[in-house]
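Descriptive analysis of the structure
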Amino acid sequence: MTYLALYREWRPRTFGEIIGQEHITRTLKNAVESGRTGHAYLFCGTRGTGKTTTAKVLAKALNCAGREGPEPCNRCESCKSINEGLSVDVIEIDAASNRGIDEIRDLREKIKFAPTMGNSRVYIIDEVHMLTNEAFNALLKTLEEPPRHAVLILATTEPHKVPLTILSRCQRFDFRRILPADMIKRLKEVAAGAGLEVEEEALRLIARAAEGGLRDALSILDQGAAFGGMKITAGDVHNILGTVRIDALNRMAGHLAGRETGPALRLVAELTGEGKDLRLFAREMAGYLRALLLEKISPHAAAEEAWGEPAQVAGMAAKFSKEGLVRAVEIMAEAEQNMKWSAMPAIVLELALVRACSAGGLSDTESLSARLAAVEEKLNSLAGVEVKTPAKPAAAPDRKHQEAPRPREQGLAIEQTGPQDNEISLEKVRQAWFDLMDIMRRERLPLYHNYAKAQPLALKGRSLTVGFPASDVLGREMAERADNKKYLEGLLGRLLQGKWQITFKNYQDKTEPTEQEPAARDAVVEVKRRFGGEEIILDDEEQGTLF
Amino acid sequence: MDYYIELLNSLKRGVIAPVYLFYGEETYLREQAVARFKEYFFPGRDQDLNFDLIDGEDAGPEDIVARAETLPFFAAKRLVVVKNPSFFKSAKKAGKEEIEDGEETAGPVKETALLEYFDNPAGATCLIFTTGDPVDKRKRLFKAVQKNGRAVEFTCLNRSDLSRWLAQRARAAGRKFAPGAAETLLDTVGPSLQKLAAEMEKLVNFTAGQEVITPAEVRKVCPPGLEESIFAVVDAVGNKKAGEALAAIRELLAAKEPPFRLLAMIIRQFRLLLQVKDLLGRGCPAGQIPARLKIHPYVARKTSVQCRNFSRESLLEAFQLLLELDESVKTGRQEFYPALEIFLLKLCAGS
């Protein structure tokens, strides 16, 4: 005998074998038993949920000669010929390819004829939503006045495309998607019947990939059998679907929760090495994170998603904070989209993972972006100086750039001073110093030039010592004038909060407040002096990631 | 419902007009009325020589008149039923169709045949026109029917009539509704008796062997409409049941409901929530809300209940999120389902 695909070989032949549609089979069985069947049915639901199968079983039940109770016997002539698709009383029409009015007119002509073998003539019209408007109108006439012996079963995946006039003439049954639990049960039966050995995890994977359509599930099982012989493992299924093993997803989620950037990136490299499609991975990761979020918000609601052992999912969800998960989900979803357009999707994914790893600590990323903005700003002004455009026109467009981020910087300052009010480090002041000079340049240009060579030397609480080079006595004296001093104190207060006291000092070039490499520092100071640039002090770790 | 009972009562008394026009959206009752007439004339018989069913879309007025004027065959009376006649439609619409058919001058001429017949109907014939299309009450034809016969409008039943009808139906099938079950049925199916009859049939079959129909069974057997499903989603969000909300959305998508229609419906529901919340907050009586917002009373009732689960701020935030979602999906920055899932999760997670 020729090979039959699993889904055809294992197509249910009685109402009892149809799974996951109890609300429909029970209704139909009772209707058949009591003889109260309707003239027109509309079966709708996703593919592979049992529409055509149910239609055929109903057709058999209506025509079966040896029927006991509601189930067809599958032994009598009528049942056999229907099973083989040879019956003259059960006519299957594929409306997708016979969608015109002529086909429906033909149906109207022939539906009048009495059935030859059984009691009723059953028309099964598949994909009925594909009919043209005229064809629907013609069909409506038949539905309005059906002959006594006729039963019309319309099947469709898209009921909203069927006209209301048709809908209201039919008993409508909505086929539900089959729950993973039911599907796994059925898959086990089929596998046992076909002599296949299937791993539990593989079954779960198939059930999830099939999205409620049993025919899809059986097709995957079929492919698995062709692929892995009589034993089907989770790995086989992953290979067929091109998906990633749940443990990879779990590991990645673990890295994200633990904020382990390195291992996360290594895992990506590993997947690339295995030849996995990274976009698919990003998609699954986003899906998995959403499932975790769902688990976090309403525990055990995700059961039907079949993402692995419920306990495992719950355990993983517990490792995240709610906000962290939301951020991570968003980052991954965005990355998945961006990967579509990117020439180097791996980089998009890696960057997203780096960001997702730090998603828990929002302040980190925000401060980083604030400082990046500052760098950009300086770069802009630097560009302005280099082309030597007159100062004023150049400053005008710049001002927008400079002013825009200011509130953020102030906010940043609050953030930093807030919790540890008295511990403003010299480092912070030095960073702020350049902003301060910037403001000064705009507000009081002469003073700016005066301070150009000055820099913060020492800090004690909120008393700052500002140093001028030994040669610049005049600068110090200018700075010490009461109104100038007050202005500077106010400026510091604006940027770094609090009430400031400033003392001025001349310092020897050698005692310049620098670290170990005086030569390098000198060069930096010189550059800053000439270009009015800003120096961003980075700690080691960040240096690693930025450069 | 009164018009129907009155019609049947006069039929019982044997008062029959020579011409009837049944029109209106309550298709089920219209068909029942025709069936009752048929039963009255030809008891127990499905086909009869003196029963004529004419498709009004194919047959012309002369044709109809000719058949109406035919004498009954071995009987006292003839019944002629014309389904979906086009000549009661307003002139504009009918005119348009005729232009399409290329016989624009034929209209008034054709109708005169009917008018003449209405003035002098055959005594042995009962002629019934039945149509679900709107009729033009200013037309001479309509007035002629009113003068010489009866025009009956079949309107949808009100809620209490519907409940009574359902209870009666259930009794006839040997069932009873548990408290709330009939309401659930009406809420999910709507006021169309035709649909209700079909759903009742299903329910009766589903509950074979038991007496009581419970609301849970109604929900199991009767598929909810789109609006109802969206209510369920928003309900679930209000009760912070993210799982249920997502399952409902997946179900709708699986039924190939176009994503943007879903989105539009969700946005509409949140807009309604905001509007209703605002009105209630400003002391508008609940009874006036349907009229003010021009929405169905049922929708208003449902929305008012949902309101309680949301604060004004959370509604505004949801609205903002929806706007962003709409934009990001339409500009291709996000896919619909993941985006919607994140939105619903955020909403359930928030506060």
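What comes next is a walk through the structure. (Residues numbered from 1 in each chain as written. Chains lettered and ligands numbered in written order. Predicted model: local features only at pLDDT ≥ 70, side-chain atom pairs only at ≥ 80, totals over all residues. Heavy atoms only, no water.)

1. What about the overall build of chain B?
What chain B contains, in helices and strands, is 17 helices and seven strands. Of all 351 residues assigned to chain B, the portion counted as buried reaches 50%. Relative to all contacts within chain B whose residues are 6 or more apart in sequence, the contacts with residues 24 or more apart total 77%. Accessible area for chain B stands at about 16,900 Å²; split by element, carbon and sulfur atoms hold 53% of it. (Helix = DSSP H or I, 4+ residues; strand = E, 2+ residues; numbered from the N terminus. Buried < 20%, exposed > 50% of the residue type's maximum accessible area, 1.4 Å probe, protein only. Contact = heavy atoms within 4.5 Å. Areas by Shrake-Rupley, 256 points an atom, 1.4 Å probe, with all protein chains shown as cover.)

2. A short note on the nonpolar core
Counting residues in hydrophobic clusters, the biggest one holds 89 residues, and the most contacted among them are A:M285, A:L289, A:L292, B:F270 and B:F343. Sequence-distant contacts of B:F343, that is, excluding residues within four places in its chain, are made with B:F270, B:A318, B:L321, B:L322 and B:L325. Among the nonpolar cores identified, the runner-up in size contains 45 residues, and B:L162, B:L186, B:L203 and B:F206 belong to it. (Core = buried A, V, L, I, M, F, W, Y, C linked by side-chain atoms within 4.5 Å.)

3. Considering the interface of chain B and chain A
Each partner contributes to the interface: chain B provides 47 residues, whereas chain A provides 45 residues. Counting across the interface, chain B meets chain A through eleven salt bridges. Taking the shortest distance from any N to any O, the salt bridge between A:R283 and B:E335 comes out at 3.2 Å. On inspection of chain B and its partner chain A, the count reaches 17 residue pairs in polar contact (both at pLDDT 80 or more). (Salt bridge = Lys/Arg side-chain N within 4 Å of Asp/Glu carboxyl O. Polar contact = N/O pair within 3.5 Å; in protein donor to acceptor, adjacent residues only side chain to side chain.)

4. Here we look at the environment of B:I5
The residue B:I5 is located in helix α1 (residues 2-12) in this model. For the pair B:I5 and B:A33, spaced 28 residues apart in the sequence, the C-alpha separation amounts to 9.8 Å.

5. Looking at the sheet that holds strand β1 (residues 19-23) of chain B
All names here are of chain B. Strands sit in the order β2-β3-β4-β1-β5 across an open sheet of five strands; the sheet is parallel. Here the strands that pair on one side only, and so sit at the sheet edges, are β2 (51-55) and β5 (150-153). Averaged over neighbouring strand pairs, the angle between their axes works out to 15 degrees when direction is ignored. Contacts between α1 and the sheet are confined to β1 and β5, with β5 contributing the most and set at about 145 degrees to the helix. (Pairing = 2+ DSSP bridges. Axes fitted to C-alpha atoms, helices over the stretch in contact; angles between N-to-C directions.)

6. Side note on the sheet that holds strand β10 (residues 501-507) of chain A
Residues and elements named next belong to chain A. A sheet is described by the order of its strands in space; here three strands give the open sequence β8-β9-β10, paired in mixed fashion. A single partner strand is all that each edge strand has here, and the edge strands are β8 (455-460) and β10. The average undirected angle you get between the axes of adjacent strands in this sheet is 30 degrees. When strand β9 (residues 463-469) meets β10, the two strands line up parallel, connected through seven bridges. Among the inter-strand pairings, S463 is bridged to a residue of β10, identified as Q501.

7. Looking at the pattern of salt bridges
Per the counting criterion, the structure on display carries 39 salt bridges over all chains. The salt bridge partner of A:R169 is B:E31, with a shortest N-O separation of 2.7 Å. With A:R169 in the loop between α7 (164-167) and β5 (171-174) and B:E31 in helix α2 (residues 27-41), the pair connects residues from two separate chains. According to the relative accessible area criterion, A:R169 is buried, its value standing at 19%.

8. A few points about the pairing of strand β4 (residues 125-131) of chain B
Residue and element names in this part refer to chain B. For β4, the tally of buried residues reaches seven of seven residues, placing the bulk of the element in the interior. Side-chain alternation along β4 places T125, L127, F129 and T131 on one buried face and C126, I128 and T130 on a second face that is also buried. Note that β1 and β4 share five bridges and pair parallel. Along β4, the bridge assignment pairs F22 with T130. Examined bridge by bridge, strand β3 (residues 78-83) and β4 share six bridges and lie parallel to one another. Looking at β4, one finds that L79 is bridged to C126.

9. Quick word on the packing of helix α9 (residues 200-210) of chain A against helix α10 (residues 214-228) of chain A
All names here are of chain A. For the pair α9 and α10, interaxial distance at closest approach is 8 Å and the crossing angle is 135 degrees. By the angle between their axes, α9 is oblique relative to α10. In the packing of α9 onto α10, the handedness of the crossing is right-handed. Residues I206, A209 and A210 of α9 form the contact with α10, whose participating residues are D216, A217, I220 and L221. Classifying every residue of the contact of α9 with α10 by side-chain character gives six nonpolar, no polar and one charged. (Parallel < 35°, antiparallel > 145°, perpendicular 65-115°, else oblique. Left-handed = near helix turned anticlockwise from the far one by under 90°. Nonpolar A, V, L, I, M, F, W, Y, C, P; charged D, E, K, R; others polar.)

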